[in-house]
Amino acid sequence: MSEIFDVAANAYERADISEDDIARAKALLKAHAGIVLPDHRRDAVVRVITQRARATARGDTGSYLSALATQTQSPEWDEFTAAFTINHTAFFREAHHFRKLEAFLRGRRSPISIWCCAASTGEEPYSIAMTLRETVPAAAVPGVILATDVDSRAIDAARAGVYTLARVEPVGDARLKKYFHRGRGAQAGRVRVKPELASLVEFGAANLCADPAGWPLAAREFDAIFCRNVLIYFDHATQRRVLQALFARLKPQGLIFVGHSENFSQIVPGLKLLGQTVYVRDG
Ligand SMILES: C[S@@+](CC[C@H](N)C(=O)[O-])C[C@H]1O[C@@H](n2cnc3c(N)ncnc32)[C@H](O)[C@@H]1O
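Residues numbered from 1 in each chain as written. Predicted model: local features only at pLDDT ≥ 70, side-chain atom pairs only at ≥ 80, totals over all residues.

What to know about the overall build of the chain
Tallying secondary structure elements over the chain gives 10 helices and 10 strands in all. A compact globule built from 283 residues should have a C-alpha radius of gyration of about 19 Å, and the chain, at 20 Å, falls within 12% of that. Looking at the chain as a whole, 37% of its 283 residues qualify as buried. In the chain, the share of contacts with a sequence separation of at least 24, taken over all contacts with a separation of at least 6, comes to 73%. (Helix = DSSP H or I, 4+ residues; strand = E, 2+ residues; numbered from the N terminus. Rg over C-alpha atoms; globule rule 2.2 N^0.38 Å. Buried ≥ 20, exposed ≤ 12 C-beta atoms within 10 Å, placed from the backbone. Contact = placed C-beta atoms within 7 Å.)

Points about the packing of helix H2 (residues 42–55) against helix H3 (residues 61–70)
With their axes 9 Å apart at the nearest point, H2 and H3 run at an angle of 80 degrees to one another. Between H2 and H3, the angle falls in the class roughly perpendicular. Contacts from Ile49, Thr50, Arg52 and Ala53 in H2 reach Thr61, Tyr64 and Leu65 in H3. Partitioned by chemical class, the residues of the contact of H2 with H3 number four nonpolar, two polar and one charged. (Axes fitted to C-alpha atoms, helices over the stretch in contact; angles between N-to-C directions. Parallel < 35°, antiparallel > 145°, perpendicular 65-115°, else oblique. Nonpolar A, V, L, I, M, F, W, Y, C, P; charged D, E, K, R; others polar.)

Re the sheet that holds strand E5 (residues 190–193)
Read across the sheet, three strands follow the order E3-E5-E4 without closing on themselves; strand pairing throughout is antiparallel. Each having just a single partner strand, strand E3 (162–164) and strand E4 (180–182) make up the two edges of the open sheet. On average, each strand axis in the sheet is tilted by 35 degrees relative to the strand beside it, whichever way the strands run. When E3 meets E5, the two strands line up antiparallel, connected through three bridges. (Pairing = 2+ DSSP bridges.)

A look at H2
The first and last C-alpha atoms of H2 sit 20 Å apart over 14 residues, in line with the 20 Å expected at 1.5 Å per residue. Every buried residue of H2 is accounted for by Ala44, Val45, Val46, Arg47, Val48, Ile49, Thr50 and Ala53. On the buried face of H2, the contacting elements are helix H1 (19–33) and H3. (Expected span 1.5 Å × (residues − 1).)

A short note on the site of the ligand
Residues in contact with the ligand amount to 24 residues; listed here are only the nearest, Thr85, Thr89, Ala118, Ser120 and Leu208. For the shell around the ligand, a count of residues per class yields 10 nonpolar, nine polar and five charged. Built from parts of two domains, the shell around the ligand gets at least three residues from each of domain 1 (4–82) and domain 2 (95–281). (Near = placed C-beta within 6 Å. Domains from an automatic or database assignment.)

Overview of the pairing of E5
Across the two faces of E5 the burial differs, with Val191 and Val193 buried and Arg190 and Arg192 not buried at all. Where E4 and E5 come together, three bridges link them in antiparallel fashion. Within the sheet, the bridge partner assigned to Arg182 lies in E5 and is Val191.

Concerning the environment of Pro269
Relative to the assigned elements, Pro269 resides in the loop between strand E8 (250–257) and strand E9 (271–275). On the basis of neighbour count, Pro269 is assigned to the exposed category, with 9 C-beta atoms found within 10 Å.

Overview of the domain arrangement of the chain
Structurally, the chain comprises domain 1 (4–82) and domain 2 (95–281). For domain 1 versus domain 2, the distance between C-alpha centres works out to 30 Å. Residue-level contacts link seven residues of domain 1 with 11 residues of domain 2. Per-element accounting of the side of domain 1 that touches domain 2 gives the leading share, three residues, to helix H4 (residues 76–82). Looking at side-chain class alone, the side of domain 1 that touches domain 2 contains four nonpolar, two polar and one charged residues.

A few points about the nonpolar core
Grouped together as the largest cluster of nonpolar side chains are 73 residues, with contacts concentrated most on Ile145, Ile225, Cys227 and Ile256. No other element matches the six residues that H2 contributes to this core. When residues are assigned to domains, this core turns out to be shared by domain 1 (4–82) and domain 2 (95–281), each giving three or more. (Core = buried A, V, L, I, M, F, W, Y, C linked by C-beta atoms within 7 Å.)

Digging into the sheet that holds strand E10 (residues 278–281)
One open sheet holds the seven strands; their spatial order is E6-E2-E1-E7-E8-E10-E9, and the pairing between them is mixed. Both outer strands of the open sheet, strand E6 (201–205) and E9, are each paired with one neighbouring strand and no more. This sheet shows a mean twist of 20 degrees between the axes of neighbouring strands, independent of strand direction. Across four bridges, the pairing between strand E7 (residues 222–226) and E8 is parallel. Its bridge partner lying in E8, Phe226 is registered against Phe257. The sheet strands contacting helix H6 (residues 123–135) are strand E1 (112–116), strand E2 (143–149), E6 and E7, and the helix crosses E2 at an angle near 170 degrees. Packing of helix H10 (residues 236–248) onto the sheet brings it into contact with E7, E8, E9 and E10, and relative to E8 it is tilted by some 135 degrees.

This is the structure in structure tokens:
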């Protein structure tokens, strides 16, 4: 999965699509997933609603959007949302965050719980799992990582834990041997995460913009939350709401990691910038 909808979509019959439909599609996406589409992604909107109207045999885009708006529990919402999400990610992306996590975890004696809340196809939660495993002894300190995303197909791929050799390159040879099985035959050129590492991660779908009461967390609080490169797609009000809800799930002195271009200083009282896009719950 990638930024597949950033390409132009000249092949589609724009004449059939009214500006009203485009505005409705953008409003539905914002209301459902918090994602604010910039004007330059207009072609993506045209393409997606044209394709989905055809795929669902709804006929015209207006009828498709009306059905979406009224059927709030329809599985079609997954398809619609997934068509706009950008799943770009990598193993050990922004390496300084993993060094910070290592320093934070070292010497811990109590159980550790980490939430990766925009986990995409799994590279980020597995990087957290490797860091956890190498920092605190498994036998003495139980650890669990919850990995969620609004895009359930990305989460299915994450759960499968199969990657090309090119994707796992940032992991390095030693970790590749330790944590991945190499594919053979039809799977040559691919690797699969070993069960020892996979067992540290629980996967599920969760929409950060939905009511936090519905997040699949039971009553958990987290030592650290990774919320990287997702808040940037939301407007300010949604960013604030999501950060407040994440803050409420953080243990005192717990950390929130955000993406490299994201700055949320002073957005939530009690959440202090520790440096380099890492925030701490102060108190
Ligand atoms: C650019 S990727 C970032 C992946 C990873 N966090 C990283 O930094 O490498 C953004 C991810 O956010 C997810 N996302 C978008 N809106 C979301 C929402 N409302 N709730 C949860 N995840 C969302 C997308 O599906 C996508 O997988």
